[in-house]
Amino acid sequence: MTRNRSETVLNYRLFGEMDMKNESRTSVHQNRLIFGSANENMKMYLLSVVRKLFNTKKMTTSDIRRQKIKKMMLHAWNGYKNYSWGFAEVSPVSKTPHWAELFGGDKMPVTIVDALDTLFIMDLQEEYEEARDFVRDNFTMESATTPLSVFETTIRFVGGLLSAHALTKEQFYVDKAKEVADSLLPAFDQVSGIPTSILDVSRKIATNFGWAGGSILAEIGTLHLEFVYLSQLTGNSTYRDAVQKIRDALDRMPKKNGLYPTYINTLDVNIPLRSIYTLSACGDSFYEYLLKSWLQSDRTDEQAQRMYWNASQAIVSTLLKKSSKSNLTYLAVLNGEYTQHRMGQLACFAVGMFGLQAVNELNQDRKDEAMKIAEDLAKTCHESFIRSETGIGPEEFDFEWERDATAANSVHYLLRPEPIEGFFYLWRLTGKP
């Protein structure tokens, strides 16, 4: 599962050539994935029952799982289509359109754009064509009637449109992505090179969230893949130049033990705001974008390579912890000089990040170390689910007192894809079930 849509292209480059190898390598594990430790006779019986339910004797266990996932996607898609078509989102309980200022108003069709690549990959051709036609004929940035999030608009709209282009080669997706990116450029018009979080597109007024006090690391650091790819497709360096200024500013700024602060002074990166360092909310995706930017450049972006590997070492030495109760590996939060022994579901992205680092390490000891960190973190993310009474992991889980990968106060769940994304990366990279 891909959180940022333009990563679809990168993931295909990273994993596509491994498909056939992994299919054969993991075929012996597939029944075990579904049926656990049942003996062979029981496995065959259960498999025959499941196949009968799908009215076929030829479906493999992978086929069955794919069909289930497609049905889940269709359930979500049809719920949106039936009750909120053309609007930003659907409220599933009231079955009415829903929108947040993050997306610039109720007529910004983020659900449609964000689903384009998923519908195409799942071969839901009818649904994809309907979505494609709507975007081609109706979507315009003139629909943005309220201030929007520069970050969310980039990863959902620019990323979604560019992913659709990468899969289909239809040029209008690039044209639409360019329209979106051009409308966002006023937010980058800062002396420091650091964009603001919010932009009123029609009035070209750029501001930040009041609660943040400045720009947010995960937001300003998670624009690079999309803007660089857009420059590659259009031949226009404007977009690459805009995000390169961010990278250069962050490269120069003061750091704590090699870690980047979560909140960045938009006017001057050298003037610190709050001293919070985390791979959970507001700090997360910046770090993986450094690694993926290096890979996107075919491993020629030396600045991204250096910044990532330095940051990785800082994360391991400062934030990576072991719980005293169950010896679980987790990523803590550093708040000033105080360590908060808490990890969020968002930080489960680091499973895939360390896995990607491992396969790109040249030294075998470092390769093994990074992969062990990835697998240990994956176990912790899994434990946060199975230790919950509902089987659903909390938004944040703690490692203090009697709590060990369980929630203290964050007893809600926000459909975070990061844990499954991490498991997907590890399966693709290792072939382990």
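Here the structure is a predicted model, which means the values were calculated and not measured. (Residues numbered from 1 in each chain as written. Predicted model: local features only at pLDDT ≥ 70, side-chain atom pairs only at ≥ 80, totals over all residues. Heavy atoms only, no water.)

**Quick look at the packing of aromatic side chains**
No. 1: On inspection of all chains with the given rule, the structure shows 20 aromatic pairs.
No. 2: Look at Trp85 and Phe134: their rings are 5.4 Å apart centre to centre, the planes differ by 70°, and that puts the pair in the edge-to-face class. Here the residue Trp85 occupies a position in the loop between helix 5 (61–84) and strand 1 (89–91), and Phe134 occupies one in helix 7 (residues 125–138), the gap between them amounting to 49 residues.
No. 3: Between Tyr260 and Tyr287, the ring centres sit 6.2 Å apart and the planes meet at 70°, which makes this aromatic pair edge-to-face. Taken together, the residues span a long stretch of sequence, with Tyr260 in the loop between helix 12 (238–252) and strand 7 (263–264) and Tyr287 in helix 13 (residues 284–296) at a distance of 27 residues.
No. 4: The buried category is assigned to Tyr287, whose relative accessible area is 1%.
No. 5: One aromatic cluster in this structure is built from Trp77, Tyr80, Trp85 and Phe134.
No. 6: When the ring centre of Tyr263 is taken as reference, the NZ or CZ atom of Arg274 above it lies at 4.0 Å. (Phe/Tyr/Trp six-rings, centres within 6.5 Å; stacked < 30°, edge-to-face > 60°. Helix = DSSP H or I, 4+ residues; strand = E, 2+ residues; numbered from the N terminus. Buried < 20%, exposed > 50% of the residue type's maximum accessible area, 1.4 Å probe, protein only. Lys NZ or Arg CZ within 6 Å of the ring centre and 35° of its normal.)

**A word on the environment of Ala408**
No. 1: Its place among the elements puts Ala408 in the loop between strand 14 (396–398) and helix 17 (418–430).
No. 2: Distance in space between the C-alpha atoms of Ala408 and Phe397 is 6.9 Å, their sequence separation being eleven residues.
No. 3: In this structure, Ala408 is in contact with Asp398 and Arg403, ignoring residues within four places of it in sequence. (Contact = heavy atoms within 4.5 Å.)

**Considerations on the UniProt feature "active site" (unreviewed entry) in the chain**
No. 1: Per the UniProt record, the feature "active site" (unreviewed entry) sits at Glu152, Asp284, Glu395 and Glu418.
No. 2: You can see Glu152 is positioned in helix 8 (residues 150–168).
No. 3: We classify Glu152 as buried; its relative accessible area is 14%.
No. 4: Setting aside residues no more than four positions away along its own chain, Glu152 makes contact with Leu102, Phe103 and Phe157.
No. 5: As for its placement among the helices and strands, Glu395 is situated in the loop between helix 16 (364–386) and strand 14. (UniProt positions renumbered as here; feature names shortened; annotations may be inferred.)

**Side note on the sheet that holds strand 3 (residues 148–149)**
No. 1: The antiparallel open sheet is built from three strands, whose spatial order is 3-4-5. Unpaired on one side and paired on the other, strand 3 and strand 5 (205–207) mark the two borders of the sheet.
No. 2: Bridge count between strand 4 (residues 198–200) and strand 5: three bridges; the pairing is antiparallel. The residue of strand 5 that forms the bridge with Leu199 is Ala206. (Pairing = 2+ DSSP bridges.)

**Comments concerning the packing of helix 6 (residues 110–121) against helix 7**
No. 1: Running from N to C, helix 6 and helix 7 cross one another at 145°; their axes reach a closest spacing of 9 Å. Note on packing geometry: the crossing formed by helix 6 with helix 7 is left-handed. Across from Ile112, Val113, Leu116, Leu119 and Phe120 in helix 6, the residues of helix 7 making contact are Glu127, Tyr128, Ala131, Arg132, Phe134 and Val135.
No. 2: In the contact of helix 6 with helix 7, the residues fall into nine nonpolar, no polar and two charged. (Axes fitted to C-alpha atoms, helices over the stretch in contact; angles between N-to-C directions. Left-handed = near helix turned anticlockwise from the far one by under 90°. Nonpolar A, V, L, I, M, F, W, Y, C, P; charged D, E, K, R; others polar.)

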